[in-house]
Amino acid sequence: MPRLRATTIISVLLLMGAAACSAPGSNDDKATSGNGPIKIALVDAQSGQLSSLGAWELKGARLAVDEWNAAGGINGRQIQLDVFDDQGDPTTGTTLARKIDSENYLAMIGTAESAVTIAMAPILKQAEIPNITSGQSPGLVAVGSEFLFLNGPTSTTYDETLAKYVVDQQGLKTIAMITNNGSYGKGEHDAFLKSLKSRNITPVADQVVTTDQKDFSAVLTGIRQKNPQVIFVGAEEVESGLIVKQARDLGITVPFAGAAPQGTPVFLDTAGAKAAEKTIVSSPYLSNDVSDASKKFAAAYKAKYNEDAELHGAKAYDGTQIMLTALKSSNVGTGKALADAIRATKYQGLLGDFAFDQTGVGIFATSIGTIQNGKLVAVTG
Amino acid sequence: MQVFLQTIVGGVSLGAVYALVALGFSLVYRTMGLVNFAHGNVVTVGAYLASTFYLTSKLPFALAMIAAIAVTGMIGLVIERVLRPLENRDFDLMLIGTIGFGIVLDALVIAIWGATGRAVPSPVPAEPLDVFGLRIRTYDLVVLAIAAVATILLVLFLSRTKRGAAMQAVAMDHEAATAVGIHVGRSNAIAFMIGGGLAALAGGLVGPLLYVSPALGGALGIKGFAAAILGGFGSIPGAIVGGLAIGILDSFTAGHFQGYSELVTFIVFTVIIMVRPTGIFGERTVNRA
């Protein structure tokens, strides 16, 4: 191998550092006073492996902000939504938390990643910047920050609903689990296992994969020999899709069950409609046509982005609506006043009726759907 | 026993793709003594191009692959052209140049195709073969066959053609090669072009196995790089053996060490490299730095 000089290594690090810096914010100190735009930061992965989540979240939040701006903003002031790229990386997230503090942002939307949000939480708490995250890890609640809010249910809610349906209603007791060791997968693993334990069920297999694993033959062949009636997956969209696709190729025919990622178009595309058939999904947003509100949202989303709306965009839309409503009701309050206004906001959203408790969680229910003929359909009863 | 064999079968097809990525790294290193850090990003570009030609332009899969290979070959030429003034002057800057190119390609991919990625349906949708309870996907066999053919063509090119022989000569002693009238710049350009084409081949083939997203090249790049080192950087047979070895190793650690599989894969890799620093087929003909 060619020798590497120290200068080379330093230059490379500098280069990476430069790439990590993102969207320059304007130095508008007037943001907190009575005129000028109201500055809100959106922090999400816009590059890297989790950028699809970040892209969806941005679309949902942008839609809400544009609606408010078109209607005249808040107290005659326009809302300025600035995007920061955390690359799905907690360290980058903490740097950004300090940045949005020093640049006087009133509030933050994001991130879609529990691990990044948890890393940012102490700094945002100290700076008294309220934020609404799309993360769902129970670890978010454990942080105990009065400035941290969730725009959806936690994994505990998702998986308890799922266990109730799979075990109590369907009577399926031989269950295998595959989860990944990322923050999302770990949360799902613990939450679903707890729901099973409370029903005196031990899974016949409890396999953990890594977040960037591509080949699941060893894990799946092991599970096939245990003959489960249903397989629980706790992994993000693409990985879940690959697991299901490879399972079908290996001759595993039983249905899969999981939370929100298993209801997304990305999961369906990756797995293939045939392989994904009968997947049981626990999600607060099953489809774009369950209510008038979701139909309206989906139409606006389609018109703006020429794409079908999905859960993550809807979550971010709800979260941003709540944030803007609270800004209005608190007369563009900041810090604790804004946090209290968010907590007091009752909002009928796409995901359900939000009513926040002291932990910052506003929704405590999900619905069950199954994939039939390549579409997610709500299960009635 | 069945789990054991199925694990090998699972690892081999991804291993073949790692081998193709490793070949791209090795070929450029062999002729120029340079590690092309943009290679993984060219794989991503190749995967996106192949999927776009296949799904959006509705070309047959084989034609889509060829078109993608042609475009990434051109990208390889551009990278070499930009780096050429630095050749034999500042090696470190060339290295950083390739990293910079990678970042530019990454940004371009997100700008052109967006961040969300796309699933590519298998071009060979037949049911998996069932061999004594082992399930073998038909598409895996296609991947293996194409990888084998590409390798044979590459070896023939290097050993049987004048141009290939010239490239070998440049690799051994570029000053002597220049003295006998071999155009070193052209030789390097061809290495980069073939390297780019191999990247598209790997990216295009892996699309239907995995999912085409901006992160694809990063994951394949690091495994391909490890495969090249394991086999012996610069060695053609080494890249093949290294790729398959990393693929199968990956598959086994995934079964036994679960959440820690990635860690174990690279610990095993490190131990092998400590015992045999030049890799399995270690040859050290190139060191221009």
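It should be emphasised that the depicted structure is a prediction, and the values quoted were computed from it without experimental measurement. (Residues numbered from 1 in each chain as written. Chains lettered and ligands numbered in written order. Predicted model: local features only at pLDDT ≥ 70, side-chain atom pairs only at ≥ 80, totals over all residues. Heavy atoms only, no water.)

1. Side note on a nonpolar patch on the surface
And then number 1: A cluster of nonpolar residues, Phe257, Tyr260, Leu263, Ile267, Val271 and Val275 of chain B, forms a patch on the protein surface that exposes about 650 Å² of accessible area.
And then number 2: With respect to the helices, strands and loops of the structure, Leu263 of chain B is situated in helix H11 (residues 261-275). (Patch = residues over 30% accessible without salt bridge, like charges linked within 9 Å, V, L, I, M, F, W, Y side chains within 5 Å. Areas by Shrake-Rupley, 256 points an atom, 1.4 Å probe, with all protein chains shown as cover. Salt bridge = Lys/Arg side-chain N within 4 Å of Asp/Glu carboxyl O. Helix = DSSP H or I, 4+ residues; strand = E, 2+ residues; numbered from the N terminus.)

2. What about the pattern of salt bridges?
And then number 1: In this structure the tally under the stated criterion is 15 salt bridges over all chains.
And then number 2: Among the salt bridges present, the one from Arg137 of chain B reaches Asp249 of chain A, with a minimum N-O distance of 3.6 Å. With Arg137 of chain B in the loop between strand S2 (134-136) and helix H5 (138-160) and Asp249 of chain A in helix H9 (residues 237-249), this pair bridges two chains.
And then number 3: A salt bridge links Lys336 of chain A to Asp340 of chain A, with the nearest nitrogen and oxygen atoms 3.4 Å apart. Highlighted residues: Lys336 of chain A and Asp340 of chain A, both in helix H14 (residues 335-344), separated by four residues, approximately one helical turn.
And then number 4: Several salt bridges share partner residues, and in doing so they unite Glu160, Asp168 and Arg199 of chain A into one network.

3. Looking at unusual backbone geometry
Residue and element names in this part refer to chain A.
And then number 1: For the peptide bond that leads from Gly110 to Thr111, omega is 0°, which places it in the cis range.
And then number 2: Secondary-structure assignment places Thr111 in the loop between strand S3 (107-109) and helix H4 (114-126).
And then number 3: With a phi close to 55°, Glu128 is a non-glycine residue in the positive phi region.
And then number 4: Relative to the assigned elements, Glu128 resides in the loop between H4 and strand S4 (131-133).
And then number 5: Phi is positive for Lys278, close to 75°, though the residue is something other than glycine.
And then number 6: Among the secondary structure elements, Lys278 is positioned in the loop between helix H11 (273-276) and strand S10 (280-283).

4. Focus: the sheet that holds strand S9 (residues 256-258) of chain A
Residues and elements named next belong to chain A.
And then number 1: Judged by pairing direction, the sheet is mixed, and its seven strands sit side by side in the order S7-S6-S8-S9-S10-S13-S14 without closing on themselves. The open sheet has two free edges, formed respectively by strand S7 (205-209) and strand S14 (375-378), since each of these has just one partner strand. The mean angle between the axes of side-by-side strands here comes to 25°, regardless of whether they run parallel or antiparallel.
And then number 2: In the packing of H9 onto the sheet, the strands contacted are strand S6 (175-180), S7, strand S8 (230-234) and S9, and the crossing angle to S9 comes to about 170°. (Pairing = 2+ DSSP bridges. Axes fitted to C-alpha atoms, helices over the stretch in contact; angles between N-to-C directions. Contact = heavy atoms within 4.5 Å.)

5. A few points about the sheet that holds strand S5 (residues 148-150) of chain A
The pairing of strands in a sheet happens through backbone hydrogen bonds and is either parallel or antiparallel.
Residue and element names in this part refer to chain A.
And then number 1: On the basis of which strands lie adjacent, the open sheet formed by five strands has the order S2-S1-S3-S4-S5 and parallel pairing. Strands with a single pairing partner mark the edges of an open sheet, and in this sheet they are strand S2 (79-85) and S5. Neighbour to neighbour, the strand axes of the sheet diverge by 25° on average, direction disregarded.
And then number 2: With two bridges joining them, S3 and S4 adopt parallel strand pairing. Across the sheet, residue Met108 finds its bridge partner in S4, namely Asn131.
And then number 3: Along the sheet, helix H2 (residues 51-70) contacts strand S1 (38-44), S2 and S3; its crossing angle with S2, the most-contacted strand, is approximately 170°.

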